[in-house]
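Here's the letter readout for the chains.
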Amino acid sequence: MDDLSGISMSAAGVFTTAAARMAGHDERSLHRLVKRGVVEHLGRGLYAVPAPGLSAEGAHLRLATGGLLLYPDAALSHVSAVVAHGLPVLDAPLNRATLVRPVTKEVLTQSFVIRPDGQQVVETGSGRAVEPATALVQFTLDAGVGNGVVAADRALHTGVVERPTLERAGAAVAGWPRSGRVRSMLALADGRSESVGESRLRLHLAALGISVVPQVVIRDEMGDFVARVDLWVEGTGVVVEFDGRVKYAEGGADVLFAEKRREDRLRRLGYVVVRVVWADLFRPERVVAWIRQAQQAAPDNPALTRRRFVG
């Protein structure tokens, strides 16, 4: 029997063994469906309708929502809550979903990490999850400063969380093991960064001793707007632009022409522009070398400084 119409499943096409059994599917039937590619086995007691082309985050969220079916008293937390709130998780592991439940200690299964509850819970499009600020702090504790900053940057930039709320959530874990990660995340998070690439680049540069300010407005001698640059290297006439593929792919020749005119105007004002693409993020020391060379070509002067306004 290949008919799945009688099975109660989530919007993501996930269902439990118990739900399948109520619709007349025993373990043999489910095994046949898996073998035929009609359903996928996500983990013990959990199945889903195949979803070709699903991203890693999408697959994780599908598993996480399945956890809410298995455990009706659970809520998404940590990395799973970050994904549910639509925030980037960069290179954090996504093989297990994380839930909070009324348990006294952490429980590990093949598919889930289950931790004690007690946090404020909100509704998301994927089900119940801990509120964003707490999720970001949890995520930073687990996944490290870099991953935490990238997610926090997006949350602050889009208004998913306000900085005072994030700081209160961070203060709640003061003294915990690895709480230093949270302190560092709070010190480095900056909602002015507009993309994951910009956030990663800013972190790499900070780690290598280059102080930058995101999203700086530059004006000409008359005070007219020239550009908002991704990063300005403090105390210099150097700006760093992170080039993502999307804007060029969507805008075509018009975007390329406008970008060239913009860069020409910056150069006429005395700035040196360093352009960085995603692949360069894996060689940050090379980017630093480019910036050092650019600094030599564009020594700072008061005229440039007066034309900078942090946006």
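The structure we're discussing is the one just above.
Our subject in this report is the structure included herewith. (Residues numbered from 1 in each chain as written. Predicted model: local features only at pLDDT ≥ 70, side-chain atom pairs only at ≥ 80, totals over all residues. Heavy atoms only, no water.)

**A closer look at the nonpolar core**
Part 1 of the reasoning: Counting residues in hydrophobic clusters, the biggest one holds 49 residues, and the most contacted among them are Leu 76, Val 89, Phe 112, Leu 166 and Met 185.
Part 2 of the reasoning: Those residues within four positions of Leu 76 in sequence are excluded, and the remaining contacts are Leu 61, Ala 64, Leu 68, Ala 81, Ala 84, Thr 98, Leu 99, Ser 126, Arg 128, Ala 129 and Val 130.
Part 3 of the reasoning: Residues Val 274, Val 276, Ile 291 and Ala 294 belong to the second largest nonpolar core, which totals 16 residues. (Core = buried A, V, L, I, M, F, W, Y, C linked by side-chain atoms within 4.5 Å. Buried < 20%, exposed > 50% of the residue type's maximum accessible area, 1.4 Å probe, protein only. Contact = heavy atoms within 4.5 Å.)

**Describing the sheet that holds strand 2 (residues 40-43)**
Part 1 of the reasoning: Pairing is antiparallel across the open sheet formed by three strands, whose spatial order is 1-3-2. Unpaired on one side and paired on the other, strand 1 (14-16) and strand 2 mark the two borders of the sheet. The mean angle between the axes of side-by-side strands here comes to 35°, regardless of whether they run parallel or antiparallel.
Part 2 of the reasoning: Here three bridges tie strand 1 to strand 3 (residues 46-48), and the two strands are oriented antiparallel to one another. Following the sheet pairing, Phe 15 is matched in strand 3 by Tyr 47.
Part 3 of the reasoning: Strands strand 1, strand 2 and strand 3 of the sheet are contacted by helix 3 (residues 56-70), whose axis makes an angle of about 35° with strand 1. (Pairing = 2+ DSSP bridges. Helix = DSSP H or I, 4+ residues; strand = E, 2+ residues; numbered from the N terminus. Axes fitted to C-alpha atoms, helices over the stretch in contact; angles between N-to-C directions.)

**Comments concerning the packing of helix 5 (residues 132-143) against helix 6 (residues 145-158)**
Part 1 of the reasoning: Packing of helix 5 against helix 6 leaves a shortest axis separation of 7 Å and a crossing angle of 160°. Between helix 5 and helix 6, the angle is such that the two are roughly antiparallel. For the pair helix 5 and helix 6, the contacting residues are Leu 136, Phe 139, Thr 140 and Ala 143 in the first and Val 145, Asn 147, Gly 148, Ala 151, Ala 152 and Ala 155 in the second.
Part 2 of the reasoning: Of the residues in the contact of helix 5 with helix 6, the class split is seven nonpolar, three polar and no charged. (Parallel < 35°, antiparallel > 145°, perpendicular 65-115°, else oblique. Nonpolar A, V, L, I, M, F, W, Y, C, P; charged D, E, K, R; others polar.)

**Details of the environment of Leu 46**
Part 1 of the reasoning: Here Leu 46 shows up in strand 3.
Part 2 of the reasoning: Between the C-alpha atom of Leu 46 and that of Leu 108, which follows or precedes it by 62 residues, the distance is 16 Å.
Part 3 of the reasoning: Apart from residues no more than four positions distant in its own chain, Leu 46 is found in contact with Val 14, Phe 15, Thr 16, Thr 17, Glu 40, His 41, Leu 63, Gly 66, Gly 67, Leu 70 and Phe 112.

**Brief notes about the pattern of salt bridges**
Part 1 of the reasoning: The tally for this structure, following the rule as stated, stands at 16 salt bridges.
Part 2 of the reasoning: The salt bridge involving Arg 275 is made with Asp 243; its shortest N-O contact spans 2.7 Å. Here Arg 275, found in strand 13 (residues 272-276), pairs with Asp 243, found in the loop between strand 12 (238-242) and helix 10 (245-268); they are 32 residues apart in sequence, far enough to count as distant.
Part 3 of the reasoning: We classify Asp 243 as buried; its relative accessible area is 13%.
Part 4 of the reasoning: Glu 263 serves as the salt-bridge partner of Arg 267, at 2.5 Å between the closest nitrogen and oxygen. One end of the pair is Arg 267 and the other is Glu 263, both in helix 10 and four residues apart, which spans about a single turn.
Part 5 of the reasoning: We classify Arg 267 as partly exposed; its relative accessible area is 45%.
Part 6 of the reasoning: One continuous salt-bridge network, built from bridges that share partners, spans Glu 106, Arg 115, Asp 142 and Arg 178. (Salt bridge = Lys/Arg side-chain N within 4 Å of Asp/Glu carboxyl O.)

Function cannot be read off these values alone, since they describe shape.
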